[in-house]
Amino acid sequence: MKTQKITQIFNICCIGAGYVGGPTMAVLADYNPELRITVVDISKEKIDLWNSEDLNDLPIYEPGLKEIVLKNRNINLFFSSNIPSSIEKADMVFISVNTPTKKKGFGAGFASDLKYVESSARQVAKFSKGHTIVVEKSTLPVKTAQTIKSILEAYKVKGDGEKKSFDILSNPEFLAEGTAINDLKKPDRVLIGGENEDAINLLKKIYLNWVDENKILTTDLWSSELSKLISNAFLAQRISSINSISALCEVTQANVHNVSKAIGMDHRIGSEFLNPGPGFGGSCFKKDISNLIYICNHYGLHEVASYWEKVIVINNWQQKRISRVIVEKLFGNLSEKKIAILGFAFKSNTNDTRESPAISICRDLLEEGCYLSIYDPKVNTKQIKSELNNEQYKKDIFWENCSNLEDALFNADAMVVLTDWCEFNNLDLKKIFEIMRYPSWIFDTRNIIDPYLAESFGFNIWKLGNGFYN
Ligand code: NAD
Ligand code: UGA
């Protein structure tokens, strides 16, 4: 039975078994064998997949994840649909649910939709017993802890009469997909925001099992919540900056990769996140910047809002201009042409397609009347179908998801590299040229194809940001 004052954490419940909840709790369980961690979700289907015997059926793909799940599952790591009982037993509850952008109502297109966070807070308020530390793991607008607190406080008064108490901490997650396990094992920093030092220390103690103390940063709640949004905004800003320069390089015969290297060697700038590409994708950058814009406008900081808005404007523009280049190079006509799309995930080493630049580029190309043959090592047909999200394009007479590269490229007029999958690094260009239709085009948005080699076999090649291949 839980006591009013917690001096040690024994049981953890994580609400949300998605890209963050699953891997984060798996790593936490791995480094804290004495803890019992239960990950819950409203989707029974997802929980069943986390419990599936064949580890290839886990709901998400992340290098190294299978091994950690196999080692800890049903020992001190559990996946369950029984939300009430898991919350009731927990000393600490992580809220790791999705926080998408609102689709309608006030703030539509910008503000975060906090309905999943609110319902999680209500579940905690209702089912918790004694004292519970509630940890915000989701990325949230600054001041959300106040909302959670109000919900929990209301239940303290109106609930079942039993005494409940809560502490709220902010502990945003900085993992990137595709490298989640490594990021969790070797974080640049762990950020914990809160008001109660005892609660902060209990969470800190869990991380201290594998993270150096000097990498654990403790702050007030609001700085912690805000730092997560700003971290994503700064990363996305760098990508939009270099993408804007990729267009300038194309018209000035410069090479963006040389520029990127030259500026990145200045230690004040740094070399990371300066790779140009088809625009950033993923579930978070656009959503979090939109949220930042909404917050700035809310506080009357319209100039600040419009500054950050440009990061998204450039990102959309980059995707559009790639579609336009492809159409123009193929004589302004795509009808009766087959275009092979290499990569549909928003980045390599993940099966996640949320906000992938491939979605808008594929839609643009379909609009022009071509036939698409898509190949991605980890993305399945159902996912592509739902992303193309148009009754017309859901029919497979307009596109196919190929199980191998050769089928995708057979008789194609062009191949478009959109995701930086490792297996695209060493393509057999000679063989590919033989099976494609003439004239054969390569559109390389990820700087993966050797242009000299491609030209030597007879390809026409366009390389993003490279003035020599435009
Ligand atoms: P996700 O959609 O993969 O997973 C969220 C899960 O929460 C879903 O499975 C959903 O069914 C479940 N859920 C929603 N409401 C629930 C409720 N009331 N009770 C139980 N389960 C509920 O989302 P994600 O990618 O894991 O992101 C979660 C949060 O973490 C977001 O705020 C996101 O911004 C942030 N984040 C994501 C990443 C990333 O790489 N994906 C990295 C850092 C932070
Ligand atoms: C990003 C952040 O990197 C994480 O720190 C953060 O926790 C996470 O968002 C989140 O809050 O969800 P993620 O979106 O998984 O992680 O992946 P990134 O590696 O950041 O890539 C995002 C997009 O930017 C991808 O489409 C990628 O191809 C693109 N990108 C990245 C570039 O085009 N150029 C680069 O130099 C780097």
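Residues numbered from 1 in each chain as written. Chains lettered and ligands numbered in written order. Predicted model: local features only at pLDDT ≥ 70, side-chain atom pairs only at ≥ 80, totals over all residues. Heavy atoms only, no water.

This next bit is on a nonpolar patch on the surface. Nonpolar side chains collect at one region of the surface, where I245, L248 and V251 lie side by side and expose about 260 Å² of accessible area between them. Take V251: its relative accessible area is 62%, and that puts it in the exposed class. (Patch = residues over 30% accessible without salt bridge, like charges linked within 9 Å, V, L, I, M, F, W, Y side chains within 5 Å. Areas by Shrake-Rupley, 256 points an atom, 1.4 Å probe, with all protein chains shown as cover. Salt bridge = Lys/Arg side-chain N within 4 Å of Asp/Glu carboxyl O. Buried < 20%, exposed > 50% of the residue type's maximum accessible area, 1.4 Å probe, protein only.)

In this section: the site of ligand 1. Taken together, 27 residues lie around ligand 1, and D41, K46, T99, E177 and K287 are the ones closest in. T99 has a polar side-chain atom sitting 2.6 Å from an oxygen atom of ligand 1. About the coverage of ligand 1: the protein hides 93% of its 840 Å² of free accessible area. Broken down by element, the shell around ligand 1 gets its largest block of residues, four residues, from helix α5 (residues 115–127). Split into classes, the residues belonging to the shell around ligand 1 amount to nine nonpolar, 11 polar and seven charged. (Near = heavy atom within 4 Å. Polar contact = N/O pair within 3.5 Å; in protein donor to acceptor, adjacent residues only side chain to side chain. Helix = DSSP H or I, 4+ residues; strand = E, 2+ residues; numbered from the N terminus. Nonpolar A, V, L, I, M, F, W, Y, C, P; charged D, E, K, R; others polar.)

Further remarks concern the sheet that holds strand β11 (residues 399–401). Read across the sheet, six strands follow the order β11-β10-β9-β12-β13-β14 without closing on themselves; strand pairing throughout is parallel. The strands lining the two open edges of the sheet, one partner per strand, are β11 and β14 (460–463). Shown here is a sheet whose adjacent strand axes are inclined to one another by a mean of 15°, direction ignored. Where strand β10 (residues 371–375) and β11 come together, three bridges link them in parallel fashion. The residue bridging L372 from the neighbouring strand is W399, located in β11. (Pairing = 2+ DSSP bridges. Axes fitted to C-alpha atoms, helices over the stretch in contact; angles between N-to-C directions.)

Now for the site of ligand 2. The full set close to ligand 2 counts 19 residues, and F174, L175, E177, N275 and C284 are the nearest of them. With respect to ligand 2, the backbone of E177 contributes an N or O atom lying 2.8 Å from an oxygen atom. Within the side chain of R446, a nitrogen or oxygen atom sits 2.9 Å from an oxygen atom of ligand 2. The element that contributes the greatest number of residues to the shell around ligand 2 is helix α9 (residues 221–252), accounting for four residues. Here the shell around ligand 2 spans two domains, and each of domain 1 (11–219) and domain 2 (313–469) adds at least three residues to it. (Domains from an automatic or database assignment.)

Tracing the backbone shows S120 in helix α5. You can call S120 buried: its relative accessible area is 1%. If we skip the residues at most four places from it in the chain, S120 touches I15, I95 and V97. (Contact = heavy atoms within 4.5 Å.)

Time to look at helix α14 (residues 381–388). Since there are 3.6 residues in each turn of an α-helix, residues three or four apart along the chain are aligned in direction. Among the residues of α14, I384, E387 and L388 are the ones counted as buried. Axial view of α14: buried residues confined to an arc of 95°, hence all on one face. Sitting at the head of α14, N380 places a side-chain oxygen 3.3 Å from the backbone nitrogen of K382. Following α14 by one or two positions, N389 has its phi on the positive side, about 45°. (Arc of directions from axis to C-beta.)

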